[in-house]
Amino acid sequence: MRQAGRYSGMLCGGLSGRSGPHSLPLARIKKIMKKSGDDVKMISGEAPIVFSKACELFIEELTQRSWMVTMQGKRRTLHKDDVASAVIATDIFDFLVNLVDNNSSNSMDNPEDISS
């Protein structure tokens, strides 16, 4: 009999705090993981769940930092420029600076055009 894995609690709402469908499509996450390189052959069923939760936490953190920029501008609507400012002002988001760089203003409009 197969034993439950370390992250299997997430399937039952353990870390995510709820049971049922995930916020992000697991099939899409798995597809992105497989596209990451030729060396990636097999992906367990639990790995996309962990990535889904990580993506949710990433989006929440970036949104909170972007919202602070919005509030500093005395506005109530979060704009693309607020996200760009939050990315530029936060060291942990340095890997996104090229995506939101002011010199390439269309970079966020076509994120697939950016090579890694």
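Residues numbered from 1 in each chain as written. Predicted model: local features only at pLDDT ≥ 70, side-chain atom pairs only at ≥ 80, totals over all residues. Heavy atoms only, no water.

**A few points about the overall build of the protein chain**
For the protein chain, the count of helices and strands is 4 helices and 0 strands. For the protein chain, the α and β elements follow one another from N to C terminus as α-α-α-α. Sequence-distant contacts, at least 24 apart, represent 34% of the contacts inside the protein chain between residues at least 6 apart. When the accessible area of the protein chain is evaluated, it comes to approximately 8,900 Å², of which 54% is carbon and sulfur surface. (Helix = DSSP H or I, 4+ residues; strand = E, 2+ residues; numbered from the N terminus. Contact = heavy atoms within 4.5 Å. Areas by Shrake-Rupley, 256 points an atom, 1.4 Å probe, with all protein chains shown as cover.)

**Points about the environment of Met 33**
By the secondary structure assignment, Met 33 is in helix 1 (residues 26–35). According to the relative accessible area criterion, Met 33 is buried, its value standing at 14%. A sequence separation of 18 residues divides Met 33 from Phe 51, and the C-alpha atoms of the two residues are 9.2 Å apart. Beyond its immediate sequence surroundings of up to four residues, Met 33 is in contact with Val 40, Ile 43, Ala 47, Pro 48 and Phe 51. (Buried < 20%, exposed > 50% of the residue type's maximum accessible area, 1.4 Å probe, protein only.)

**Things to note about unusual backbone geometry**
Despite not being glycine, Lys 74 has its phi angle at roughly 55°, a positive value. Structurally, the position occupied by Lys 74 is in the loop between helix 2 (47–72) and helix 3 (80–89). Classification of Lys 74 by relative accessible area gives exposed; the value is 77%.

**Regarding the nonpolar core**
Judged by nonpolar contacts, Leu 62, Val 69, Val 83, Ala 84, Ala 86, Val 87, Phe 93, Leu 96 and Val 100 together constitute the single largest core of 9 residues. Sorting elements by how many residues they give to this core places helix 3 first, with 4 residues. (Core = buried A, V, L, I, M, F, W, Y, C linked by side-chain atoms within 4.5 Å.)

**Comments concerning the packing of aromatic side chains**
One pass over the structure, following the stated rule, counts 2 aromatic pairs. Ring centres of Phe 58 and Phe 93 lie 5.6 Å apart, and the angle between their planes is 85°; this geometry places the pair in the edge-to-face category. On the criterion of sequence distance, the pair formed by Phe 58 in helix 2 and Phe 93 in the loop between helix 3 and helix 4 (97–100) is long-range, its members being 35 residues apart. For Phe 58, a relative accessible area of 32% gives the class partly exposed. For Phe 93, a relative accessible area of 3% corresponds to the buried category. For the ring pair Phe 58 and Phe 95, a centre distance of 6.3 Å and an interplane angle of 40° mean the geometry is tilted. Of the two residues, Phe 58 sits in helix 2 while Phe 95 sits in the loop between helix 3 and helix 4, which places them 37 residues apart along the sequence. An aromatic cluster is present here, built from Phe 58, Phe 93 and Phe 95 joined pairwise through their rings. (Phe/Tyr/Trp six-rings, centres within 6.5 Å; stacked < 30°, edge-to-face > 60°.)

**Comments concerning the packing of helix 2 against helix 3**
Between helix 2 and helix 3, whose axes approach to 8 Å, the crossing angle comes to 110°. Relative to helix 3, the element helix 2 lies roughly perpendicular. For the pair formed by helix 2 and helix 3, the contact residues are Leu 62, Arg 65, Ser 66, Val 69 and Thr 70 on the first element and Asp 82, Val 83, Ser 85, Ala 86 and Val 87 on the second. (Axes fitted to C-alpha atoms, helices over the stretch in contact; angles between N-to-C directions. Parallel < 35°, antiparallel > 145°, perpendicular 65-115°, else oblique.)

**Points about the confidence of the model for the protein chain**
For the protein chain, per-residue confidence averages 81 on the pLDDT scale, and 69% of positions sit at 70 or higher. Within the model, pLDDT remains below 50 along residues 10–19, and this stretch shows 18 contacts once partners closer than five positions in the same chain are excluded. (pLDDT = per-residue confidence, 0-100.)

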